[in-house]
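Here are the chains, one letter per residue:
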Amino acid sequence: MFNSGDVRDVIILGRGGQGGVTASRILVSAAVRDGLWGQAIPEFGAERRGALVKSYARISARPITLHSAVDKADYLVVLSPDILGQVDLVSLAKGPDSIAIVNSPQPIKAGLRSFYIDATGISEKLGLIMAGWHIVSTAMLGALVKVTELVTLKSLMDALGDYITRPDLLKLNVEAVRLGYINVRGV
């Protein structure tokens, strides 16, 4: 997937409490399991649950020397569709080949090559709800892996255990990844 000089940048846009920051860490852990290099970079202040939170992942086949937020991404992952009314995804994209993956039960055109997955529905079905918030990040990671092949599905599922230690929650999140992977659709 990667040429020696390639770096893939991911921006995850979510609400506080949806798991976006943890998702970037899980993605980078999966990349390392695949023999790649990676950085997970959160961006948030003293926000509360529900506030807009950005997190970034940078993945490469070689060591990464750049240590900054991602300004332009190859892949944009939107954990809550209402964010589309607040953020111009096209301005965050590297170019016309950038891809947006949006949590939505129906197609949403985001101004880029777009995919959608009902991650909220998956969370509801599995009971992945914490403090009243649907945990959609793992289903969205499954969708991202299917669309981009950025990391392997096996590495992603294995990396979940680095961050989710309760066996019952780990099992549910593995299933969320699987359902996100098989149910993502293009617009």
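Here the structure is shown first, and the text comes after it.
Residues numbered from 1 in each chain as written. Predicted model: local features only at pLDDT ≥ 70, side-chain atom pairs only at ≥ 80, totals over all residues. Heavy atoms only, no water.

### What about the overall build of the protein chain?
Selection rule: Elements are defined by DSSP. Helices are runs of H or I of four residues or more, strands are runs of E of two residues or more, and each kind is numbered from the N terminus. Each radius of gyration reported is based on C-alpha atoms, and the globular scaling rule is 2.2 Å times the count of residues to the power 0.38. Each residue is assigned to one of three classes by its accessible area relative to the maximum for its type, calculated with a 1.4 Å probe on protein chains only: buried under 20%, partly exposed between the two thresholds, exposed over 50%. Using the Shrake-Rupley algorithm and a 1.4 Å probe, accessible areas are obtained, with residue cover drawn only from the displayed protein chains.
Across its full length, the protein chain carries six helices and nine strands. The globule rule puts the C-alpha radius of gyration for 187 residues at 16 Å, and the 15 Å found for the protein chain is close to it. Each principal axis of the C-alpha atoms in the protein chain carries an extent, and together these give about 40 × 35 × 35 Å. Burial statistics for the protein chain: of 187 residues in total, 51% are counted as buried. Summing over all exposed atoms, the protein chain offers an accessible surface of approximately 8600 Å²; the carbon and sulfur share of this is 52%.

### Overview of the side chain of Ser 55
Quick reminder of the rule: Counting of polar contacts relies on pairs of N or O atoms within 3.5 Å, with two restrictions inside protein: one atom must be capable of donating a hydrogen and the other of accepting it, and residues adjacent in sequence are counted only when both atoms are side-chain atoms.
Structurally, Ser 55 can be placed in strand β3 (residues 52-60). Judged by relative accessible area, which is 1%, Ser 55 ranks as buried. Among the polar contacts made by the side chain of Ser 55, one reaches the main-chain carbonyl oxygen of Gly 20 at a distance of 2.8 Å.

### Focus: the pairing of strand β1 (residues 7-15)
Short version of the rule: DSSP bridges decide pairing: two strands pair if at least two such bridges lie between them.
In terms of burial, β1 is a largely internal element, eight of the nine residues being buried. Relative to β3, β1 runs antiparallel, the two being bridged by nine bridges. Across the sheet, Val 10 pairs through a bridge with Ala 57, a residue of β3. With four bridges connecting them, β1 and strand β4 (residues 75-78) associate as parallel partners. Pairing of Ile 11 across the sheet is with Leu 76, part of β4.

### Observations concerning the nonpolar core
Operational definition: Throughout this description, the term nonpolar core refers to a set of buried Ala, Val, Leu, Ile, Met, Phe, Trp, Tyr and Cys residues connected via side-chain atoms within 4.5 Å. Contacts are residue-level and defined by heavy atoms, with any inter-residue pair within 4.5 Å sufficient.
Judged by nonpolar contacts, the single largest core of 42 residues is most densely connected at Val 10, Leu 27, Ile 101, Leu 144 and Leu 156. Top contributing element to this core by residue count: helix α4 (residues 137-148), with seven residues. The residues contacting Ile 101, other than those within four sequence positions of it, are Leu 76, Val 77, Val 78, Phe 115, Ile 117, Met 140, Ala 143, Leu 144 and Val 147. If you look at the next biggest cluster of nonpolar residues, it comprises 18 residues, including Ile 11, Leu 13, Val 78 and Ala 93.

### Re helix α5 (residues 153-163)
Because the α-helix completes a turn every 3.6 residues, residues three or four places apart line up on one side. Heads up, the condition is: The reported arc concerns the directions from the helix axis to the C-beta atoms and nothing else.
Considered for burial, the residues of α5 that qualify are Ser 155, Leu 156, Ala 159 and Leu 160. Taken end-on, α5 shows its buried residues confined to a sector of 155°, consistent with a single buried face. The secondary structure elements touched by the buried residues of α5 are α1 (20-33), α4 and α6 (167-183).

### Observations regarding the pattern of salt bridges
Opposite charge on two side chains lets them pair, provided their charged atoms get close. The condition is simple: Just to be clear on terms, a salt bridge is a Lys or Arg side-chain nitrogen sitting within 4 Å of an Asp or Glu carboxyl oxygen.
Under the counting rule described, the total for this entry stands at nine salt bridges. For Arg 15, the salt bridge goes to Asp 82, with nearest N and O atoms at 2.8 Å. Residue Arg 15 is located in strand β1, and its partner Asp 82 is located in the loop between β4 and α2 (89-92); the two are separated by 67 residues in the primary sequence. Accessibility expressed as a relative area gives 44% for Asp 82, which makes it partly exposed. A salt bridge links Arg 33 to Asp 162, with the shortest nitrogen-to-oxygen separation between them at 2.8 Å. With a gap of 129 residues between them, Arg 33 in helix α1 and Asp 162 in helix α5 connect regions that are remote in the sequence.

Interpretation note: all reported values are geometric properties and have no functional meaning in isolation.
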